[in-house]
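Here is how the chains run, residue by residue.
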Amino acid sequence: LVAWEWVSPVVTGVVGVAGIAGTAAATFSARKTARELAQAARLAERQSSLRDERRAAFVDFLRTVSGVDAAIPDLAFIRTKAGGATEDSFTKARKVIYDLDEKYSLLKIVGDQSIRKAAHEVYADALTKIMHAAKGPDYKLLDKPLRTKLEAAMRDDLGHASDADSKSAPIADPARTDTPQ
């Protein structure tokens with residue numbers, strides 16, 4: 001006959017080992033999940049930081065381009081008032097070009113290919129218009145479609161809706177009472 005007194009301790013031991021193994025497996029799984037979540041959080045934070053850097057570079061470049069548009073008539077005026085190209089007009093042109101070049105260089109680093117291409121077109125147009133204004137009274141402002149194309153590429157890169165998307169779904173202004181909501 002079999003001695004039944006050993007069954008109870010053996011079953012208790014097996015259940016205990018299974019419990020320890022289950023706890024160890026759960027702990028390992030929890031640590032692995034925690035590491036994966038921490039890694040995902042770091043990646044999301046880095047992507048957010050890079051997006052913020054791109055946004056800042058985009059805004060700086062667009063602000064500088066607006067400054068170029070504002071400077072072009074001044075450059076032509078300095079030259080016209082002096083009766084010819086002067087050191088003042090070329091000094092101002094160099095400063096505007098330096099600012100534009102600095103912002104364009106940063107944009108080439110942080111922007112994707114579509115942004116670099118569109119920014120290059122705006123940059124080339126700006127350089128041409130700056131030098132033309134510094135040399136003579138006839139001047140033209142920057143090409144608006146080139147800037148619009150660049151702004152659309154920037155919006156796409158940042159994940160914002162394009163003009164076509166935003167026009168199709170107008171946003172109601174809650175402060176206005178004359179429009180239905």
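Residues numbered from 1 in each chain as written. Predicted model: local features only at pLDDT ≥ 70, side-chain atom pairs only at ≥ 80, totals over all residues. Heavy atoms only, no water.

A. Structural view of the overall build of the protein. For the protein, the helix and strand inventory stands at 5 helices and 0 strands. Its helices and strands taken in sequence order, the protein reads α-α-α-α-α from the N to the C terminus. Counting every position in the protein, which comprises 181 residues, the buried fraction comes to 23%. Look at the contacts in the protein between residues 6 or more apart in sequence, and 71% of them connect residues 24 or more apart. Accessible area of the protein: about 12400 Å², with a carbon and sulfur share of 60%. (Helix = DSSP H or I, 4+ residues; strand = E, 2+ residues; numbered from the N terminus. Buried < 20%, exposed > 50% of the residue type's maximum accessible area, 1.4 Å probe, protein only. Contact = heavy atoms within 4.5 Å. Areas by Shrake-Rupley, 256 points an atom, 1.4 Å probe, with all protein chains shown as cover.)

B. Main features of the nonpolar core. Formed by 30 residues in total, the largest nonpolar core has its most connected members in Phe61, Val68, Leu100, Leu107, Leu150 and Met154. Mapped onto this core, the elements with two or more residues apiece are helix H1 (7-82), helix H2 (87-110), helix H3 (113-135) and helix H4 (144-158). In terms of residues, this core owes the most to one element, H1, which gives 10 residues. Those residues in contact with leucine 100 that lie beyond four places of it in its chain are Phe61, Thr64, Val65, Val68, Tyr123, Ala126, Leu127 and Ile130. (Core = buried A, V, L, I, M, F, W, Y, C linked by side-chain atoms within 4.5 Å.)

C. Highlighting the packing of aromatic side chains. According to the stated counting rule, one finds 2 aromatic pairs in the structure shown. Each ring, one from phenylalanine 61 and one from tyrosine 104, has its centre 6.2 Å from the other, and the planes form 45 degrees; the classification is tilted. Here the residue phenylalanine 61 occupies a position in helix H1, and tyrosine 104 occupies one in helix H2, the gap between them amounting to 43 residues. The class of tyrosine 104 is buried, set by a relative accessible area of 6%. When the ring of tyrosine 104 is compared with that of tyrosine 123, the centres are 4.1 Å apart and the planes differ by 10 degrees; the resulting orientation is stacked. Placement of the pair is tyrosine 104 in helix H2 and tyrosine 123 in helix H3, with a sequence separation of 19 residues. (Phe/Tyr/Trp six-rings, centres within 6.5 Å; stacked < 30°, edge-to-face > 60°.)

D. Local environment of the packing of H3 against H4. Two elements in contact, H3 and H4, have axes whose closest approach is 9 Å; the angle formed by their N-to-C orientations is 155 degrees. Judged on the interaxial angle alone, H4 and H3 are roughly antiparallel. Remark: the crossing between H3 and H4 carries left-handed chirality. Contacts between H3 and H4 involve Ser114, Ile115, Lys117, Ala118, Ala119, Glu121, Val122 and Asp125 from the first element and Leu146, Arg147, Lys149, Leu150, Ala153, Met154 and Asp157 from the second. Of the residues belonging to the contact of H3 with H4, the class tally is 8 nonpolar, 1 polar and 6 charged. (Axes fitted to C-alpha atoms, helices over the stretch in contact; angles between N-to-C directions. Parallel < 35°, antiparallel > 145°, perpendicular 65-115°, else oblique. Left-handed = near helix turned anticlockwise from the far one by under 90°. Nonpolar A, V, L, I, M, F, W, Y, C, P; charged D, E, K, R; others polar.)

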